[in-house]
Amino acid sequence: MPRTPRTGTGFRLVALTLGLLVAASAAPSPILPVYEELWGLGPTAVTVVFAVYAAVLLVALLTVGSLSDHLGRRPVVLVALAGVAASLVVLAEAHGVGALVAGRALQGFCTGTALGALGAWLLDLAGPGRGPAAQLVNGAVPPAGLTVGGLGAGLLVQFAPAPTELTYLLLAALLAVASVLVACTPDVADRVPGALRSLRPVVHLPAASRAAFTTSLPGFLGSWGLGGLCMGLGPSVVAGVLGLHDHVAGGLVVAAVAGVGAVTGVLTRHRAPARVLTLGMAALVVGPLVLTAGLAATSAPAFYAGALLSGIGFGAGFQGALRAVLATAPAHERAGVLSAVYVVSYLAFGVPAVVAGLLVPHLGLREVVDGYAALVVLAGVGGLLLLARARRTPAAAVPAQARRTAPVRPLDENV
């Protein structure tokens, strides 16, 4: 597809919309301690509110995740954005756990509907000659969105009025503006038949992508498992273990991991995906160990140092894995491949957080975080072993086009 100023502007708008969508998903994390104070919620209730988002998002990915391959990117994204905006209004008006669960469930389903469509739309608008740039943006924007959502919400909760309302209403207004802009963005994807068949709850991964997906799987599991740890329990750990009750401090946990992750993704854009993934897996071993050592010593500096190191793992692990898999994805199955990626990612994001919330009353917060971090370390070790095996058996490794270091040009006026 020829690059034009219109599609270049559309690329930016779609990327910003993806970031805004992910920011909205992170925004409730610094607000959860406020609900604990106002309503006397325990850690189990808080993690259920957090994790219902991930659970319902998975349902969406398994059913409507590839719908935009059949109906087009724009109509699917516009309906999903409207649903997310509505969910934020529900959260702003919530006066009990039931409303929080309902709002997060609606948000999760609509976010899951949009994720694959937006990521595939970026690839469509980039065109065949700009695939590496689109892969970079697909990997870097979600961590950046988590950073902005977590830290921005923490600042608003700490310093602005209406801590349980303003953040949600502001995000809803921004999504309404994004919807208007997205409605003007070219929808250039070729539609394929089979929309009804695509609603069956299955994950379809093309044969061409399976080897890369297998090798990259620990990258998705470890990075998003770490994200679930920081977003689900991070603010509670900062307050309950480190004794820091400033809401900005809770938001900084999310920002430290996700922000460093976003920067890492950009800085490693010229490296081969296999090298980036190796860096990510190593950091997912070291970072959580430093983080838990900081908790054991009740040292906030050591804890945040571990969060920063973990952020390298989050960014490089997810970016390297995503670039490797997307390099193998056929053009007409991009949304489906991205949905498969997000299915495993959000399983790792949500399931351990629910289990952790159930265990905290019985084992203690610090002990549960230690166990949670150990699972992330195991994912990092497993990823390093898989990558070592792949290097010994090239046919099972990341495909040749993904192993090659493909320089990513800066996003100029044509993107």
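What comes next concerns the included structure. (Residues numbered from 1 in each chain as written. Predicted model: local features only at pLDDT ≥ 70, side-chain atom pairs only at ≥ 80, totals over all residues. Heavy atoms only, no water.)

## Concerning the overall build of the protein chain
Moving on, step 1. Check the secondary structure of the protein chain and you find 15 helices and zero strands.
Moving on, step 2. Here the C-alpha radius of gyration of the protein chain, 20 Å, is about what a compact globule of 415 residues would show, namely 22 Å.
Moving on, step 3. With the C-alpha coordinates of the protein chain rotated into their principal frame, the extents come out at 55 × 50 × 40 Å.
Moving on, step 4. The burial tally for the protein chain puts 59% of its 415 residues in the buried class. (Helix = DSSP H or I, 4+ residues; strand = E, 2+ residues; numbered from the N terminus. Rg over C-alpha atoms; globule rule 2.2 N^0.38 Å. Buried < 20%, exposed > 50% of the residue type's maximum accessible area, 1.4 Å probe, protein only.)

## Topic: the packing of aromatic side chains
Moving on, step 1. This structure, assessed with the given rule, holds seven aromatic pairs.
Moving on, step 2. With 5.5 Å between their ring centres and 80° between their planes, Phe303 and Tyr304 make a pair best called edge-to-face.
Moving on, step 3. A residue is classified by how much of its surface remains accessible, and Tyr304, at 18% relative accessible area, is buried.
Moving on, step 4. An aromatic cluster is present here, built from Phe213, Phe220, Trp224, Phe314, Phe318 and Phe349 joined pairwise through their rings. (Phe/Tyr/Trp six-rings, centres within 6.5 Å; stacked < 30°, edge-to-face > 60°.)

## Details of the environment of Pro186
Moving on, step 1. Mapping Pro186 onto the fold places it in the loop between α8 (166–183) and α9 (207–240).
Moving on, step 2. Through-space distance from the C-alpha of Pro186 to that of Ala249 is 41 Å; in sequence the pair is 63 residues apart.

## Considering the environment of Ala212
Moving on, step 1. Mapped onto the fold, Ala212 is located in helix α9.
Moving on, step 2. Separated by 202 residues in the primary sequence, Ala212 and Gly10 have C-alpha atoms spaced 29 Å apart.

## Considering the nonpolar core
The nonpolar side chains of a soluble globular protein tend to be buried with one another.
Moving on, step 1. In this structure, Leu88, Phe220, Leu233, Phe303 and Tyr346 are the most contacted members of the largest nonpolar core, which totals 112 residues.
Moving on, step 2. Among residues more than four places away in sequence, those in contact with Leu88 are Ala24, Gln107, Tyr168, Leu171, Ala172 and Leu175. (Core = buried A, V, L, I, M, F, W, Y, C linked by side-chain atoms within 4.5 Å. Contact = heavy atoms within 4.5 Å.)

## Thoughts on the pattern of salt bridges
Moving on, step 1. In total, this model carries three salt bridges according to the counting rule given.
Moving on, step 2. Ionic pairing is found between Asp124 and Arg73, a salt bridge with its closest N-O pair at 2.7 Å. Highlighted residues: Asp124 in helix α6 (residues 97–126) and Arg73 in helix α5 (residues 73–92), separated in sequence by 51 residues. A single burial state applies to Asp124 and to Arg73, both of which are buried.
Moving on, step 3. Taken together, the salt bridges that share partners define one network made up of Asp69, Arg73 and Asp124. (Salt bridge = Lys/Arg side-chain N within 4 Å of Asp/Glu carboxyl O.)

## As for the layout of surface pockets
Moving on, step 1. Taken as a whole, the largest pocket holds about 520 Å³ of empty space.
Moving on, step 2. In terms of lining residues, the largest pocket is bounded by 28 residues, among which Leu16, Thr17, Gly19, Leu20 and Val148 are the most central. (1 Å grid on protein atoms, 1.4 Å probe; cavity = no way out; pocket = protein on both sides within 12 Å on 5 of 7 lines; lining within 4 Å. Points joined across faces, edges and corners; volume = space filled by probe spheres on them.)

## Topic: the environment of Val368
Moving on, step 1. Tracing the backbone shows Val368 in helix α14 (residues 365–392).
Moving on, step 2. Here Val368 falls in the buried class, since its relative accessible area comes to 8%.

## Side note on empty space enclosed by the protein
Moving on, step 1. One pass over the full model with this rule turns up two cavities of 30 Å³ or more.
Moving on, step 2. Forming the boundary of the largest cavity are Leu229, Cys230, Leu233, Gly234, Val237, Val253, Leu291, Phe303 and Val369.
Moving on, step 3. Among the elements that take part in the lining of the largest cavity, α9 stands out by supplying five residues, more than any other.
Moving on, step 4. Here the residues of the lining of the largest cavity are counted per class, giving eight nonpolar, one polar and no charged.
Moving on, step 5. Computed from the structure, the second largest cavity encloses a volume of approximately 40 Å³.
Moving on, step 6. Looking at the lining of the second largest cavity, the element that brings in the most residues is helix α10 (residues 247–267), giving four residues. (Nonpolar A, V, L, I, M, F, W, Y, C, P; charged D, E, K, R; others polar.)

## Here's the deal with the side chain of Thr264
Moving on, step 1. On the secondary structure map, Thr264 appears in helix α10.
Moving on, step 2. Residue classification places Thr264 among the buried positions, given a relative accessible area of 8%.
Moving on, step 3. Excluding residues within four positions of it along the chain, Thr264 makes contact with Gly311, Ile312, Gly315 and Ala316.

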